[in-house]
Amino acid sequence: MKLNFDDNRPIFLQIAEGIEDGILTDVFKEGEQIPSITEISVTYQINPATALKGINLLVEEEIIFKKRGVGMFVKSGAVSKLEEKRRNEFFENYVKKMIEEAGKLKISKQEIVAMIGRGFLDNEN
Amino acid sequence: MKIELKDVSKKFQDTQALNKVNLNFEEEKIYGLLGRNGAGKSTILNIIANRQWASDGQVFIDGQSAWENSQAQKKVYLMSEKCMYPGSMKGEKALKWSAAFYPEFDLDYAKFLADAFELNLNKKVSSLSTGYSSIFKLIVALSVNTPFVFFDEPVLGLDANHRELFYQKLIEKYSEKPFTVVISTHLIEEISQIIEEIIIIDHGKIIFNESCEELLQRGYTVSGPINIVDRLVAGLNRIGSDQLGGLKTVTILGEQNFSDLPKGIEIGKLDLQKLFIKITSNKGVNNDHESNA
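Residues numbered from 1 in each chain as written. Chains lettered and ligands numbered in written order. Predicted model: local features only at pLDDT ≥ 70, side-chain atom pairs only at ≥ 80, totals over all residues. Heavy atoms only, no water.

S.K.: In this structure, what is going on with the interface of chain A and chain B? I would like to understand it.
M.R.: How big an interface is tends to be expressed through the accessible area that disappears when the partners come together. With 15 residues of chain A in contact, the opposing surface of chain B contributes 18 residues. Contact between chain A and chain B buries roughly 1,400 Å² in total, counting both sides, with carbon and sulfur atoms accounting for 53%. Linking A:Lys53 and B:Glu213 is a salt bridge whose minimum nitrogen-to-oxygen distance equals 2.9 Å. In this structure, the connection of chain A to chain B is made through four residue pairs in polar contact (both at pLDDT 80 or more). (Contact = heavy atoms within 4.5 Å. Buried area = accessible area lost by both parts, 1.4 Å probe. Salt bridge = Lys/Arg side-chain N within 4 Å of Asp/Glu carboxyl O. Polar contact = N/O pair within 3.5 Å; in protein donor to acceptor, adjacent residues only side chain to side chain.)

What follows is the structure, given as structure tokens:
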């Protein structure tokens, strides 16, 4: 899990997203245990209340669940749930922002489409 | 259980070090007590721990008066620059001495920490370097197990590795068994993610006392061409302003509710240290004479 605290969004959101990324990239598999609040807080040197707040977001969204006295685990079905959520955010966070930046640089719609094609080619190689 | 300061004032000859300070330290929270040199941070901590007396006002620890009350003082530990041990005492004996005063002192944990920090307990306390002297006092503070632990400049002279180790041990300890932690330091960025509550003191007065996250959310910058920025921020609570050529950046403290941003305007965030600097150094930005755009 990689966090970037230079990012100025609240830390609890970044913690939640870090765990989500871990789930999406198979670092934390469905049914498997994730690090404890203490481990997360000590590793990233953050207040345990902040770590808990981030984790609770994921519990509310039914991405992870707590087993009393044992720890926290990734819920089955978490991956597809996250994919759906991230797909919705993809348009807002990437597509809209890209078009905005392109506008500043006077990049046309055709040029963007061409660039995307080129990006796919690069990715395949 | 909490600590309450009620209208606490402190005068040194003709200097008003504290001016009617009202503060609560609640159970099981981590506080950052921030202020510039001479703002009154240490005076607050020393008054709570009975090392100085207040000229006026009262301090209550768990409902009891803190002044010359050893029952109340047993609930509090203050780690500060001042060494409270006879200089000729060896580290190991000084730990045992602390254990005699604080019934919950965990001697095994203290020795474990000494090992982790590579502190030689056979050395006399007075012969330790600045860094190791801080480390020795930190170890005591992390081992006393009092409900309230105050750290006044805890990482003085510590190298980066030891500072990180201290923060890790503090969080580990706190997350296993929460207690009230108050950290007063100038290394603001190092503690900004650790503290939950923030108290800023300036010239003996408390000027901020709120959740750290909320304070960070309220601080932001508006940058762009001078005339547009000036128009946008008119009437807002401006706490700082910088200009570079035709580009102006104004720091605002308050709710962010721009419905639609004009082209070329960017909203930025501040880290705690930058926000602190703006809050405690730039006075009267709001009163700057500005043309009516």
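S.K.: Got a minute to help me understand the domain arrangement of chain B in this structure?
M.R.: Residue and element names in this part refer to chain B. The domains assigned to chain B are domain 1 (3-203) and domain 2 (218-287). With centres defined by C-alpha atoms, the gap from domain 1 to domain 2 works out at 36 Å. Between domain 1 and domain 2, the residue contacts involve 12 residues of the former and eight residues of the latter. Approximately 820 Å² of surface area, both sides summed, lies buried where domain 1 meets domain 2, with 73% of it carried by carbon and sulfur atoms. Viewed at the interface, domain 2 and domain 1 are joined by zero salt bridges. There are two residue pairs in polar contact (both at pLDDT 80 or more) connecting domain 1 and domain 2. Among the elements that take part in the side of domain 1 that touches domain 2, strand β9 (residues 197-202) stands out by supplying three residues, more than any other. (Domains from an automatic or database assignment. Helix = DSSP H or I, 4+ residues; strand = E, 2+ residues; numbered from the N terminus.)

S.K.: Before we go on, may I ask you to explain the domain arrangement of chain A in this structure?
M.R.: Residue and element names in this part refer to chain A. If you check the domain split of chain A, you get domain 1 (11-76) and domain 2 (79-124). On the domain 2 side, the residues contacting the nine residues of domain 1 number six residues. Counting the surface domain 1 buries against domain 2, the share from its top three residues, Glu20, Leu24 and Ile63, is 52%. At the boundary of domain 1 and domain 2, one finds five salt bridges. A salt bridge links glutamate 62 to lysine 81, with the shortest nitrogen-to-oxygen separation between them at 3.5 Å. Joining domain 1 to domain 2, the criterion identifies five residue pairs in polar contact (both at pLDDT 80 or more). Across the side of domain 1 that touches domain 2, the residue classes tally to three nonpolar, no polar and six charged. (Nonpolar A, V, L, I, M, F, W, Y, C, P; charged D, E, K, R; others polar.)

S.K.: What am I meant to see in the nonpolar core here?
M.R.: Note that soluble globular proteins tend to have their nonpolar side chains buried in a common cluster. All names here are of chain B. Grouped together as the largest cluster of nonpolar side chains are 57 residues, with contacts concentrated most on Tyr77, Phe136, Phe151 and Phe166. Of the residues forming this core, the biggest block, seven residues, is contributed by helix α5 (residues 130-143). No fewer than three residues from each of domain 1 (3-203) and domain 2 (218-287) sit in this core. Setting aside chain neighbours within four positions, we find phenylalanine 151 in contact with Leu45, Met79, Leu138, Ala141, Leu142, Phe166, Leu170, Val181, Val182, Ile183 and Ser184. Grouped together as the second largest cluster of nonpolar side chains are 26 residues, Leu5, Ile61, Val76 and Phe148 included. (Core = buried A, V, L, I, M, F, W, Y, C linked by side-chain atoms within 4.5 Å. Buried < 20%, exposed > 50% of the residue type's maximum accessible area, 1.4 Å probe, protein only.)

S.K.: Help me understand the sheet that holds strand β4 (residues 56-61) of chain B in this model?
M.R.: Across a sheet, strands are paired by hydrogen bonds formed along the backbone, either parallel or antiparallel in direction. Residue and element names in this part refer to chain B. Taking strand neighbours across the sheet as the criterion, the four strands line up as β2-β1-β4-β5 in an open arrangement whose pairing is antiparallel. Here the strands that pair on one side only, and so sit at the sheet edges, are β2 (15-25) and β5 (64-65). Two elements, strand β1 (residues 3-12) and β4, share five bridges in a ladder whose sense is antiparallel. Pairing of serine 9 across the sheet is with aspartate 56, part of β4. (Pairing = 2+ DSSP bridges.)

S.K.: Can you help me understand unusual backbone geometry in this one?
M.R.: Backbone geometry follows two general trends: most residues other than glycine have a negative phi, and most peptide bonds adopt the trans configuration. Residue A:Gln45 is not a glycine yet carries a positive backbone phi of 50°. Even without being glycine, B:Glu68 reaches a positive phi, approximately 45°. One can find B:Glu68 in the loop between β5 and α2 (70-73). For B:Glu68, a relative accessible area of 64% puts it in the exposed group.

S.K.: Whenever I open this one, a nonpolar patch on the surface confuses me. Can you help?
M.R.: Residues and elements named next belong to chain A. A grouping of Met98, Ile99, Ile116 and Phe120 is seen on the molecular surface, where their side chains present a nonpolar patch of about 380 Å² in accessible area. Contributions of two or more residues to the nonpolar patch are made by α4 (78-104) and α5 (109-124). Tracing the backbone shows isoleucine 99 in helix α4. Residue isoleucine 99 is classed as partly exposed on the basis of its relative accessible area, which comes to 49%. (Patch = residues over 30% accessible without salt bridge, like charges linked within 9 Å, V, L, I, M, F, W, Y side chains within 5 Å. Areas by Shrake-Rupley, 256 points an atom, 1.4 Å probe, with all protein chains shown as cover.)

S.K.: In this structure, what is going on with the environment of B:Leu275? I would like to understand it.
M.R.: All names here are of chain B. Examined against the element boundaries, leucine 275 turns out to sit in helix α10 (residues 272-281). With 145 residues separating them along the chain, leucine 275 and threonine 130 place their C-alpha atoms 30 Å apart. For leucine 275, the residues in contact, after removing those within four places along its chain, are Leu215, Leu216, Gly219, Ile239, Leu253 and Leu270.

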